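# An overview of the molecular structure
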Amino acid sequence: MNFGAFSAADALSDAFLSLGLAVVISFFYQLALSRPPRSKALSFAAHALFFIPAGALVFCFIAGATQAKEPRWYLFAGGAAGVFAYIKCFSGLVGGMLAALRRFIRRLLSPLLNAFARTAGALQRRAVSVYNQLAAKRAEKAEKSGEENGLENAERGSGKEPRKPYTQT
C-alpha cells in the first residue's frame, strides 16, 4: 500500500496510537458523563465542555505525535476502532466499577448524612419552639396593652387577628 512518504509500519504505528487515544478519551467520557444531566441544555453544555477539549487533544495529537503530521484515513480508522473496542470491551466493566464506587461512597457517607439530618431536624424543632414562645409573649404583651387602654381589638380598628403560632406542615 502507498502511504505517501511513510512506510506501512509508520501508518500502523499511528493507527495504534490513535486507537489508544480513542480508548482513553472514551474512558474519560464515560467518567465525566456517568450521570447525564436531566435537561437538554445542560446535556448539550456537558457534551460541549467534554468534546471541545477532546477535539483539541486529537488535533494536537495528529499535529505532533504522528508520523504524517496531518489527518489521514488510518488515524480516523484507528480512532473509530478504539471507540468501538472501548464500548465492547471496557464500557460494561467501567460502568459496573462506577456503580460499585457510588454504592461504597453512599454506604460510607450514610451515617454522616443521617447524623446531619437528625441534627438539622432537632435544630428546626428548637427554632419552631423559640418562635412559638416569642409569638406567645408578643400576643400576651399586645393583649395586656389593649386591656390597660381599655380597648378591645375591634375598638382599636386594627381588624387584625393576633399571629398564630408556627406549625410544621
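See the structure above.
The sections below set out a description of the structure shown in this document. Values in this document were obtained by computation on a predicted structure and should not be read as measured data. (Residues numbered from 1 in each chain as written. Predicted model: local features only at pLDDT ≥ 70, side-chain atom pairs only at ≥ 80, totals over all residues. Heavy atoms only, no water.)

### Overview of the overall build of the chain
Across its full length, the chain holds four helices and zero strands. Along the chain, from the amino end to the carboxyl end, the secondary structure elements read α-α-α-α. The buried share of the chain, taken over its 169 residues, is 18%. Counting contacts in the chain only where the partners sit at least 6 residues apart, residues at least 24 apart contribute 75% of the total. For the chain, the exposed surface amounts to about 12900 Å²; the carbon and sulfur share of it is 66%. (Helix = DSSP H or I, 4+ residues; strand = E, 2+ residues; numbered from the N terminus. Buried < 20%, exposed > 50% of the residue type's maximum accessible area, 1.4 Å probe, protein only. Contact = heavy atoms within 4.5 Å. Areas by Shrake-Rupley, 256 points an atom, 1.4 Å probe, with all protein chains shown as cover.)

### What to know about a positive patch on the surface
A contiguous patch of positive charge, built from Arg35, Arg38, Arg103, Arg106 and Arg107, is present on the exposed surface. With respect to the helices and strands, Arg35 occurs in the loop between helix H1 (8-32) and helix H2 (40-64). (Patch = residues over 30% accessible without salt bridge, like charges linked within 9 Å, V, L, I, M, F, W, Y side chains within 5 Å. Salt bridge = Lys/Arg side-chain N within 4 Å of Asp/Glu carboxyl O. Lys, Arg positive; Asp, Glu negative; His and termini not counted. Charge placed at Lys NZ, Arg CZ, Asp CG, Glu CD.)

### As for the packing of H1 against H2
Relative to each other, H1 and H2 sit at 165 degrees, their axes nearing to 11 Å. With respect to H2, the axis of H1 lies roughly antiparallel. Judged by the sense of rotation from one axis to the other, the crossing of H1 with H2 is right-handed. For the pair H1 and H2, the contacting residues are Leu17, Ser18, Leu21, Ile25, Phe28, Tyr29 and Ala32 in the first and His47, Phe50, Phe51, Ala54, Leu57, Val58 and Phe61 in the second. Residues belonging to the contact of H1 with H2 are distributed by class as follows: twelve nonpolar, two polar and no charged. (Axes fitted to C-alpha atoms, helices over the stretch in contact; angles between N-to-C directions. Parallel < 35°, antiparallel > 145°, perpendicular 65-115°, else oblique. Left-handed = near helix turned anticlockwise from the far one by under 90°. Nonpolar A, V, L, I, M, F, W, Y, C, P; charged D, E, K, R; others polar.)

### Here we look at the packing of aromatic side chains
Per the stated rule, a full pass over the model turns up six aromatic pairs. Aromatic pair Phe50 and Phe51: ring centres 5.3 Å apart, planes at 85 degrees, arrangement edge-to-face. Given the relative accessible area of 14%, Phe50 is considered buried. A centroid spacing of 5.8 Å and a plane angle of 85 degrees characterise the contact between Trp73 and Tyr74, whose relative ring orientation is edge-to-face. Taking relative accessible area as the criterion, Trp73 reaches 56% and is therefore assigned exposed. Given the relative accessible area of 5%, Tyr74 is considered buried. These aromatic residues form a ring-pair network of at least three members: Tyr29, Phe50 and Phe51. (Phe/Tyr/Trp six-rings, centres within 6.5 Å; stacked < 30°, edge-to-face > 60°.)

Coordinates in, geometry out; function isn't part of it.
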